[in-house]
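Single-letter residue listing:
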Amino acid sequence: MRISLNVDVHHLTRVEGHGNIVVRVENGEVKTARWDIVETPRYFEVMLKGKHFTSAGILTARICGICSIGHCLASLRATENAFGAKIPPAAERLRLLAKHGETLQSHWLHLLFLAAPDFLGLPSVIPLIEARPEVVGIAARLKGLANRICEVVAGRATHPVSLQPGGVARRPRKDELLQLRDALQRSLQDIGAAAELFRTFPIPDFARETEFVSLAGRDEYPWIGGDLVSSDGVRRPEAGYREMTNEWVDENNTSKWCKLSRESFAVGALARLNNNFNLLHPEARKMAAALGLQPVCHNPFLNNAAQLVECLHVTHDSLRLIDELLRDGEGPTRVEVKPRAGEGVGAVEVPRGILYHHYVYDRDGRVTRANCVIPTTQNNRNIHLDLRALAEKFSAQPGMTDEKLELLCSMLVRAYDPCISCSVH
Amino acid sequence: MRYLGIEPARPRVAVFDFTGCEGCQLQLLNREENLVDFLKLVDIVNCREASSDASDCYDVAFVDGAISRADEVVRLKAVREKAAVLVALGSCACFGGVNRLKNACSLPEANREVYGDKPKETEPVRSVGEVVRVDLAVPGCPVDKAEVERIVQHLIWDVPFAFPAYPVCLECKQRYTPCLFQKGQLCLGPITAGGCNAPCPAGGLGCWGCRGRSADCNMDEFWALAREKGFGEAEIRERLGFFGGFEGAP
């Protein structure tokens, strides 16, 4: 029998922002498969015009309620590159530690609060409080520690206050760092338990060959600045980001779309891991193997596993950073920044992938032009094309129903952990 | 959850998001040390960002974000009709937030700048209160979860909630934060509504006024003081206009 299926998801749940899924299968043929971004646009690039450089990071943090630290850091890096400012080593460590806190906060939120309910057959994490209190305990402890790192280093978990042009305004006290160190050590057990839980989740058997774009690490798994690389072999300097993104405006979406060597490309944990696997902490590589994750992996559902692996890597790297901060003591964490006419680009790997801020400044340090290219903007067309391939594969399976296909499509989009408000900004 | 043997009401709560970053509703999942207790206090029946349950039957609606498109007006009015209590959550919902900065630009020009020859639908940004009646406005960018917890406790025990009348400035004194205004940073702490426990100055950033004007704020005195410290009119106005909480300020 040639099957006909309908999927119509208006405002997909358990993702940040507003997007719709439409799939139509008629007599076994996929007629339509769409991922439409219907989020209200905010025009941040226009709001930035005329703003003083000291306002830019504070304003652009508000693009995202989840990765505000990443936006602030990309913004500061663009500004500092424009002015030729170099921040002290202690500030570099503190900024990376704040970023690690955000990566953990965002990944745990996605994995344990947003994605896990699909695999447990539940509408949200709330029924888990009664059904699996030990899982909720792990989720609360891991996300709580992540937020504590952000609070100690950035002054607040959402919309940071201490990350400022020239460095970091406040150095955490020794006792605060020691407490974080203890808690990070203890969290390794919870991370192991979370990985065990995810190992029991069945991963849909699906792959579509994809180009992956990320920062290129040299000696370390990359997070802040450096060259841009794609798994198809494209390499560009940070300032050449436009050639890596090629944004254009689509009729049906308030988010722009991007492409590189193919029709679309992907960014995020899986892209970072595919492009920089050998730079992961050895324990993280072991976890990747246990989760069936080998580069180059083309199954987007395994982005969840890649996030888990990154959580372990980032936890080990945070311990290293804290040890170095404690060892190096009391040096400066901030330099004075003097504005000058010029432009700068800041590329930062935020939880959902590579983020670019690009500002042009006048000589008084006021923005004359701004451009922000967001990870989910880069992923949206890849999600859109994945949906068609997914519908083609699974609509042909015996026993497929509207409900089953809707769940698969929703899980696919959630696996990308889209941040839709961000993508529209 | 009983207190002194009394079972409180467990209100049916819904959370809705409009133009914004959704950071305020995410605060509801923070303060993880008492998250389980908080989630037991209320019955969350509709919260798109965290749950696939979507009931239209609720008592309290938390509304996150500003209003900037026609479909949002329709959606917000439907929420107002169903909710006994509508709470504006965060500076975007209360004042329009940073989104309001867009209103200083020509919208066709803004569209051309961002979308070229394929403009998207957009309207001047309004606060939630400019579109429907708001029962309680909780400011902050983002809101402070501890304050939201206190408000929810007042809601379930049916006791009116009173926001502090004092400014952020007082909370810096309470936590022994050295005064950044005295150290040469512009700071709106003396005129901004308290209740956040002043995290920004403690982290080395003067107050940006995200919670809007405090109950007893003396704007004339603040202007005189800021000018005396050498801050120019443009800088002071940029700061006052940032989150929309001082709209119409002199």
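Residues numbered from 1 in each chain as written. Chains lettered and ligands numbered in written order. Predicted model: local features only at pLDDT ≥ 70, side-chain atom pairs only at ≥ 80, totals over all residues.

(A) The arrangement of the overall build of chain A in detail. Within chain A, the regular secondary structure consists of 14 helices and 12 strands. Its C-alpha atoms give chain A a radius of gyration of 21 Å, near enough to 22 Å, the size a compact globule of 425 residues would have. For chain A, the spread of C-alpha atoms along the principal axes amounts to about 70 × 45 × 35 Å. Expressed as a percentage of the 425 residues in chain A, the buried residues total 59%. Put simply, 73% of the contacts in chain A that link residues at least 6 apart link residues at least 24 apart. (Helix = DSSP H or I, 4+ residues; strand = E, 2+ residues; numbered from the N terminus. Rg over C-alpha atoms; globule rule 2.2 N^0.38 Å. Buried ≥ 20, exposed ≤ 12 C-beta atoms within 10 Å, placed from the backbone. Contact = placed C-beta atoms within 7 Å.)

(B) Looking closely at the overall build of chain B. A tally of helices and strands in chain B yields 10 helices and five strands. Relative to the compact-globule value of 18 Å for 250 residues, chain B shows a C-alpha radius of gyration of 19 Å, a close match. Dimensions of chain B, computed from C-alpha atoms along their principal axes, come out at roughly 55 × 55 × 30 Å. The buried share of chain B, taken over its 250 residues, is 49%. Of the contacts formed within chain B by residues at least 6 apart in sequence, a portion of 74% connects residues at least 24 apart.

(C) Just the pairing of strand β2 (residues 19-26) of chain A, in detail. Residues and elements named next belong to chain A. Burial along β2 is one-sided: Gly19, Ile21, Val23 and Val25 are buried, and none of Asn20, Val22, Arg24 and Glu26, which face the opposite way, are. As paired strands, strand β1 (residues 5-9) and β2 are joined by five bridges and run antiparallel to one another. Bridging from a neighbouring strand, Asn6 pairs with Arg24 of β2. As judged from the eight bridges shared by β2 and strand β3 (residues 29-37), these two strands associate in the antiparallel manner. Looking across to β3, one finds that Val23 is bridged to Ala33. If you look at the hairpin formed by β2 and β3, you'll find two residues sitting between the two strands, and Asn27 has a positive phi there, around 50°. (Pairing = 2+ DSSP bridges.)

(D) View of the interface of chain B and chain A. Taken residue by residue, the interface counts 47 residues in chain B and 46 residues in chain A. Mapped by element, the contributors of at least two residues to the side of chain B that touches chain A are α1 (23-27), α2 (35-41), α5 (107-115) and α8 (199-202) of chain B. When residues in the side of chain B that touches chain A are grouped by element, the largest group, four residues, is from α5(B). Here the residues of the side of chain B that touches chain A sort into 21 nonpolar, 13 polar and 13 charged. (Nonpolar A, V, L, I, M, F, W, Y, C, P; charged D, E, K, R; others polar.)

(E) Quick peek at the environment of A:Ala116. Relative to the helices and strands, A:Ala116 is located in helix α4 (residues 89-120). C-alpha separation for the pair A:Ala116 and A:Phe198, spaced 82 residues apart in sequence, amounts to 8.0 Å.

(F) The sheet that holds strand β5 (residues 136-138) of chain B, seen in detail. Residues and elements named next belong to chain B. Overall, parallel pairing links the five strands, which are arranged β2-β1-β3-β4-β5 in an open sheet. In the strand order of this sheet, the two ends are held by β2 (43-47) and β5, each with one partner. The mean angle between the axes of side-by-side strands here comes to 20°, regardless of whether they run parallel or antiparallel. Note that strand β1 (residues 12-17) and strand β3 (residues 60-64) share five bridges and pair parallel. Following the sheet pairing, Asp17 is matched in β3 by Asp64. (Axes fitted to C-alpha atoms, helices over the stretch in contact; angles between N-to-C directions.)

(G) A look at the packing of helix α6 (residues 133-154) of chain A against helix α7 (residues 174-199) of chain A. Residue and element names in this part refer to chain A. Look at α6 against α7: their axes get within 9 Å of each other, and the N-to-C directions meet at 145°. When the axes of α6 and α7 are compared, the crossing they make is left-handed. When α6 is examined against α7, the residues Val135, Ile138, Arg141, Leu142, Leu145, Arg148, Ile149 and Val152 are found in contact with a partner set consisting of Glu176, Leu180, Ala183, Ser187, Asp190, Ala193, Ala194 and Leu197. In terms of residue class, the contact of α6 with α7 is made up of 11 nonpolar, one polar and four charged. (Left-handed = near helix turned anticlockwise from the far one by under 90°.)

(H) Spotlight on the sheet that holds β1(A). All names here are of chain A. Strand order in this open sheet of three strands is β1-β2-β3, and the pairing throughout is antiparallel. Lying at the two open borders of the sheet, with one neighbouring strand each, are β1 and β3. Across the sheet, the mean angle separating the axes of adjacent strands is 5° when strand polarity is ignored. Along the sheet, helix α12 (residues 375-395) makes contact with β1, β2 and β3, crossing β3 at roughly 150°. Sitting on the sheet, helix α13 (residues 402-415) touches β1, β2 and β3, and the angle it makes with β1 is about 45°.

(I) Spatial organisation of the domain arrangement of chain B. All names here are of chain B. According to the domain assignment, chain B consists of domain 1 (12-156) and domain 2 (168-240). A C-alpha centroid distance of 26 Å is found between domain 1 and domain 2. Across the boundary between the two partners, domain 1 contributes eight residues, which contact seven residues of domain 2. Looking at which element gives the most residues to the side of domain 1 that touches domain 2, the answer is helix α4 (residues 91-95), with three residues. Among the residues making up the side of domain 1 that touches domain 2, the classes are represented as four nonpolar, two polar and two charged. (Domains from an automatic or database assignment.)

(J) Quick look at the environment of A:Gly292. On the secondary structure map, A:Gly292 appears in the loop between α10 (282-290) and α11 (303-328). For the pair A:Gly292 and A:Ala305, spaced 13 residues apart in the sequence, the C-alpha separation amounts to 8.5 Å.

(K) Representation of the nonpolar core in the model. Core analysis: the largest hydrophobic core is formed by 203 residues, its most contacted members being A:Val23, A:Val309, A:Leu387, A:Cys409, B:Ala61 and B:Val63. Counting residues per element, this core draws most heavily on α4(A), at 15 residues. Looking at which domains feed residues into this core, each of domain 1 (12-156) and domain 2 (168-240) of chain B supplies at least three. (Core = buried A, V, L, I, M, F, W, Y, C linked by C-beta atoms within 7 Å.)

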